[in-house]
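Topology and contacts: notes
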Amino acid sequence: MLRDGRGGRLILGNWKMHGSIKENRELMRRLLEGAEALPATVALGVCVPFPYLAQARELLYASDISWGAQDVSCHAQGAYTGEVSAQMLCDFGATWVLVGHSERRTMHGETSAQVAEKAQKALKRGLTPVVCVGESYKAHEDGAALEVIREQLKPILALGAEQVSKMVIAYEPIWAIGTGLTATPEQAQTVHAYIRSLLEAIGVSELFILYGGSVKPDNAASLFAMPDINGALVGGASLDAKDFLAIANAGLK
């Protein structure tokens, strides 16, 4: 398993609220076939809806493809109807858990402080939190993207280098998620480099920083050519095995 961004590439799929037992089986079968040809420097994983964690474990257990969830509770256990704890995710062999995705922040009102709390709960159980950050279209147009990113990451960075070094950061500009729009490689690199500077300021020198936001096979190579983009958090294209594997292989010889 790759532990940081040095010479490696991490490609995670976020299925969101998609899938069925039948569709998942076929998708993972094709991913397993294609993943055999990936170089050791590329790590592949999928973040699936909670009901399909058992199926992911069943089908991917003996492979190099890892799996995880799309959210986790701030609570360890208790009377929290509908919540899923970090320990429950561990029971299904999860490696990853997304925290702070823009859809959670926007639709469910999650704050950056709550995102940091979720990340801590995940770390305590040995999960790797994938902390998602990103600005709105208005903030992008107003030139406030870096300010938004800084504020979203502030509670995470306050946890200190020891904890942050065990995370993954995913930059997903809200205006590019599911819209067909994508940041240019240069725009994405500017934000990734800024995130890298924030990490280095607390003593974290190596960490995967992923780009997400309409990543496709035809734009992945140019994104991955940027020095501070270490992979991708892929939405819709992760539901197509051919496209997902093409993204994983983009730009490799």
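Counting of residues starts from 1 at the beginning of each chain's written sequence and follows it residue by residue. Totals for whole chains, interfaces and linings use every residue, but because this is a predicted model, local features are given only for residues with pLDDT of at least 70 and side-chain atom pairs only at 80 or more, for both listing and counting. Neither water nor hydrogens contribute to the side-chain values; these are computed over all heavy atoms in the structure.

For the protein chain, the name recorded in an unreviewed UniProt entry is Triosephosphate isomerase, with Oligella urethralis DNF00040 as its organism. UniProt positions are given in the numbering used here, feature names are shortened, and annotations may be inferred rather than shown by experiment. The heading Subunit (unreviewed entry) in the UniProt record of the protein chain holds the text "Homodimer."

Bringing the side chain of Ser-73 into the picture now. Within the secondary structure layout, Ser-73 lies in the loop between strand S3 (66-69) and helix H3 (86-91). A distance of 3.0 Å separates a polar atom in the side chain of Ser-73 from a polar atom in the side chain of Glu-83. In this view, Ser-73 contacts Glu-83, Val-84, Ser-85, Lys-118 and Lys-121; residues no more than four positions away in its chain are not counted. Only DSSP runs of H or I with at least four residues qualify as helices, and only runs of E with at least two residues qualify as strands; both kinds are numbered from the N terminus onward. Whenever two N or O atoms come within 3.5 Å, that pair is a polar contact, provided that in protein one can donate a hydrogen and the other can accept it, and provided that, for residues adjacent in sequence, both atoms are side-chain atoms. Should any heavy atoms of two residues lie within 4.5 Å, those residues are considered in contact.

As annotated in UniProt, the feature "binding site: substrate" (unreviewed entry) corresponds to Asn-14, Trp-15, Lys-16, Gly-178, Ser-214, Gly-235 and Gly-236 in the numbering used here. Across 223 residues of sequence, these annotated residues stay compact in space, with a maximum C-alpha separation of 13.7 Å. Looking at the element boundaries, Asn-14 is found in strand S1 (residues 9-14). Contacts of Asn-14, omitting those with residues within four sequence positions, involve Cys-47, Gln-70, Leu-98, His-101, Leu-233, Val-234, Gly-235 and Ser-238. Within the structure, Asn-14 has its side chain in polar contact with the backbone nitrogen of Lys-16 (distance 3.0 Å). Among the secondary structure elements, Gly-236 is positioned in the loop between strand S8 (231-234) and helix H11 (241-249).

A separate point is the environment of Cys-90. Inspection of the secondary structure puts Cys-90 in helix H3. Classification of Cys-90 by relative accessible area gives partly exposed; the value is 24%. Residues Cys-90 and Ile-229, spaced 139 residues apart in sequence, show a C-alpha to C-alpha distance of 28 Å. Not counting chain neighbours up to four residues away, the residues in contact with Cys-90 comprise Arg-125 and Leu-127. A simple rule labels every residue: compare its accessible area, found with a 1.4 Å probe on the protein chains alone, to the largest value its type can have, and call it buried under 20%, exposed over 50%, or partly exposed in between.

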